[in-house]
Amino acid sequence: MNKSNTHPRVLLHAAAVRLAHLTSWAGPYVTILQMSLFGMFLLSFSRLSMMVWQWDRVRQTGIPSEILLQGARADLILLGYFIAIPLLLAPVLAHPSRASIWKWFTSSWATFALMFIVFMEMSSPQFIMQYDVRPNRLFVEYLSYPREVFATLWNGFRTAVILGIGATVVLTVLFFYIFRRAASGMQFWRARTLLLTWPLICLLVFAQVRSTTGHRPANPALFALTGDSMVNSLIINSGWSVLDAINSLRKEANSSEIYGSIPPSQVLAEVKAAPWLRDHVFPNKDIPTLHRQDAAIKRDRPLNLVIVLQESLGATFVESLGGLPVTPELEKLKGEGWWFEQLYATGTRSVRGIEAVIAGYPPTPARSVVKLSLAQQNFYTLAAGLGQQGYHTEFVYGGEAHFDNMRSFFTGNGFQKIVDLPQMSPRFVGSWGASDEDLFDKSLERLKSLHAQDKPFFSLIFTSSNHEPFEFPDNKIELYEKPKQTVNNAVKYADFALGKFIREAKKQAYWKDTVFLIVADHDNRVYGNALVPIKKFHIPGLILGADVQPKRIRTIASQVDLGPTLLSLLGVSSNHPMIGRDLVRDDKTPGRALIQFNNYFAWLDDSSATILRPGQAPLMGRYDGGTGVLEVSTDAPLQEQVTKAMAHVMLPSLLYREQRYRLVK
């Protein structure tokens, strides 16, 4: 055999020529057809591979063949978007007189399309491992912070990053070569043939993208065929998931309307009917949830407040809440204050936890208000309210405070001072900033300084050591497992640093005058085979310090309840727009939790879980907090439960859009 005939370049050239011959009937659309064929193969192969990887969960759904079939339908939608651009330009460019331009453009465009597809599919496994869903709006939001994201990827997923980028580059070069070679023999149609067939092809591509004869075109929600969100995300492809997320970001102000609509008056009436709100007076029509909360505890002088917002500390890591034994310091402390047994996060991102804990703001399918433009000033936070009461307010963070737009949101809404990495002299710095020990050392320094000023203060301390890639100093803890750089070891280190901080704070003069809240922003990873993995929203919460006596809070509670509760413990009576519950006054009445998971909203109470879905009927389920199992019923939920859930997910969008979540100017 002639070795020259087996050279890779010769084989590649032969394959390109053969492909051009087989698809030559497509005339000027030959490259677009080839792109579609390659795209369908790549997307189907990726989906099949991930189905094999997640086979246990796929098998439980009982519809693997339907997943593949509907997945192909979703792939055609994505490819239709890429076909549309050159198709619209064809009447102008697809002529023999412009042959070189058309060949170059279609080859370049087809290469770009496949590069995007390959990159997104290569990114999917690591994203699924972290978030239990394909790349979505979180993927888009993280692109705003390339330094932090790259550091995380490089330190935690170096091999995967190198292989992914390498494979993307190699395949991109390969595809461009094939398309250019195949395009060299492209046959152009006569102008009349091109113009007569063009409307028909446009109609076919329009039908391909719309993918349904229903009233509305297909969207990712249409492919939610199972009760497992991760499996549902496998049905669609990552490219379409991200493009849909980008589109949804443009409509974020009206985001809650994806579940339907109810009149604003009904929204407000339903929310105000809650047992902890129905006896309040709401005198300001411009700020419809603004009301006066009189502190349940009367004090001669209000107490100080310190909130330690723990990064990614779910109940998963707290043994007494059904998790792993990696938080011994927190376990020791829980008997010294108010310990929440059924506290639930509102979302899966730090900014979602911030808006709930610091602003008492309920979740929506949109981005957190920490990032939204209309909330950057004159938006209520505890800092804004306490600032009016004469408090000094500040935010202390081991990383760079611009991340997730925190600096802008905090400085515009009541925080008088920001202390972040540039103001520290840390002994250990990881991808996300100073270690938790360094953070707490700086916080102790700041608290001592604030106490010396003889005025009440509020300090928000946000940790970061328990964040991927889980970097922390050596020789600080006895590792829970090997290798060192795992989430369980990082949690144990973060817990060690927290215990050290509290022990030192207890020695200070301000301890007897300060309420401390230790609470998670969200769990480390939110995953599970339930439509809404409620178990992964369960987080620890502990209030201690000052004269706080040991107590177990057993009722279901949400992060949005913490603000009103803290104000009461501090002895601060004030006007505020928070709709949460003051647990100082009543911790026995059945509670509720508000949970946002991707585009699903869940209303959880003692009797049921009502799940709202975009473009689909609500679902009713029962959640067992002991086992963490959500059983979805085939029966329709009670209308009163649906209305209650709808009102609480519609309210925050309404208040944001009309800028009504604020104090009186």
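Just above, that's the structure.
Throughout what follows, the structure given in this document is the object of discussion. (Residues numbered from 1 in each chain as written. Predicted model: local features only at pLDDT ≥ 70, side-chain atom pairs only at ≥ 80, totals over all residues. Heavy atoms only, no water.)

**What about the sheet that holds strand 4 (residues 343-344)?**
Phase 1 of the analysis: Reading across the sheet, the three strands line up as 11-4-14 and stay open at both edges, with mixed pairing between neighbours. Every other strand in the sheet has two partners, leaving strand 11 (538-539) and strand 14 (557-558) as the edge strands with one partner each. (Pairing = 2+ DSSP bridges. Helix = DSSP H or I, 4+ residues; strand = E, 2+ residues; numbered from the N terminus.)

**Re the packing of aromatic side chains**
Phase 1 of the analysis: Applying the stated criterion across every chain yields a total of 32 aromatic pairs.
Phase 2 of the analysis: Aromatic side chains Phe127 and Phe139 sit 6.0 Å apart centroid to centroid with 65° between the ring planes, which places their arrangement in the edge-to-face category. Of this pair, Phe127 sits in helix 5 (residues 99-131) while Phe139 sits in helix 6 (residues 137-142), and the two are twelve residues apart along the sequence.
Phase 3 of the analysis: On the basis of an interplanar angle of 85° and a centroid distance of 5.6 Å, the ring pair of Phe223 and Trp240 is categorised as edge-to-face. Placement of the pair is Phe223 in the loop between helix 9 (191-210) and helix 10 (229-235) and Trp240 in helix 11 (residues 238-249), with a sequence separation of 17 residues. (Phe/Tyr/Trp six-rings, centres within 6.5 Å; stacked < 30°, edge-to-face > 60°.)

**Let's talk about the side chain of Gln596**
Phase 1 of the analysis: Within the element layout of this structure, Gln596 appears in strand 16 (residues 592-597).
Phase 2 of the analysis: Judged by its relative accessible area of 4%, Gln596 is buried.
Phase 3 of the analysis: A distance of 3.1 Å separates the side chain of Gln596 from the backbone oxygen of Tyr600, its partner in a polar contact.
Phase 4 of the analysis: Beyond its immediate chain neighbours, meaning those up to four positions away, Gln596 contacts Tyr259, Thr346, Gly347, Pro363, Thr364, Pro365, Phe537, Phe601 and Val649. (Buried < 20%, exposed > 50% of the residue type's maximum accessible area, 1.4 Å probe, protein only. Polar contact = N/O pair within 3.5 Å; in protein donor to acceptor, adjacent residues only side chain to side chain. Contact = heavy atoms within 4.5 Å.)

**As for the pattern of salt bridges**
Phase 1 of the analysis: Inspection of the entire model under this criterion finds 35 salt bridges.
Phase 2 of the analysis: The partner of Asp75 in a salt bridge is Arg47, with the nearest N and O atoms 2.7 Å apart. Here the residue Asp75 occupies a position in helix 4 (residues 64-93), and Arg47 occupies one in helix 2 (residues 30-53), the gap between them amounting to 28 residues. Across the pair, exposure class does not vary: Asp75 and Arg47 are buried alike.
Phase 3 of the analysis: Across the pair Glu336 and Lys506 runs a salt bridge, and its minimum N-O distance is 2.7 Å. Of the two residues, Glu336 sits in the loop between helix 13 (328-333) and strand 3 (338-340) while Lys506 sits in helix 18 (residues 487-506), which places them 170 residues apart along the sequence.
Phase 4 of the analysis: Exposure remark for Glu336: the relative accessible area of 33% places this residue in the partly exposed category. (Salt bridge = Lys/Arg side-chain N within 4 Å of Asp/Glu carboxyl O.)

**Focus on the sheet that holds strand 19 (residues 616-624)**
Phase 1 of the analysis: Strand order in this open sheet of five strands is 16-17-18-19-20, and the pairing throughout is antiparallel. Looking at which strands have only one partner, the edges of the open sheet turn out to be strand 16 and strand 20 (629-632). This sheet shows a mean twist of 25° between the axes of neighbouring strands, independent of strand direction.
Phase 2 of the analysis: Two elements, strand 19 and strand 20, share four bridges in a ladder whose sense is antiparallel. In the sheet register, Tyr623 faces strand 20, and the bridge partner there is Leu630. (Axes fitted to C-alpha atoms, helices over the stretch in contact; angles between N-to-C directions.)

**Focus: the nonpolar core**
Phase 1 of the analysis: Residues Ile307, Phe395, Phe458 and Phe501 are the most contacted members of the largest nonpolar core, which totals 186 residues.
Phase 2 of the analysis: The element best represented in this core is helix 5, accounting for 13 residues.
Phase 3 of the analysis: The residues touching Phe501, leaving out its near neighbours within four places in the chain, are Val308, Phe440, Ser443, Leu444, Leu447, Ile461 and Phe516.
Phase 4 of the analysis: Counting 20 residues, the second-largest nonpolar core is a separate cluster that includes Ile556, Ala593, Ile595 and Leu619. (Core = buried A, V, L, I, M, F, W, Y, C linked by side-chain atoms within 4.5 Å.)

**Observations regarding the environment of Glu121**
Phase 1 of the analysis: Secondary-structure assignment places Glu121 in helix 5.
Phase 2 of the analysis: Among the residues examined, Glu121 registers a relative accessible area of 8% and is labelled buried.
Phase 3 of the analysis: Spatially, the C-alpha atoms of Glu121 and Arg613 are 26 Å apart, while their sequence positions differ by 492 residues.
Phase 4 of the analysis: In this structure, Glu121 is in contact with Leu43, Ser46, Met50, Arg134, Asn237, Ser238 and Gly239, ignoring residues within four places of it in sequence.

Keep in mind these values describe shape, not function.
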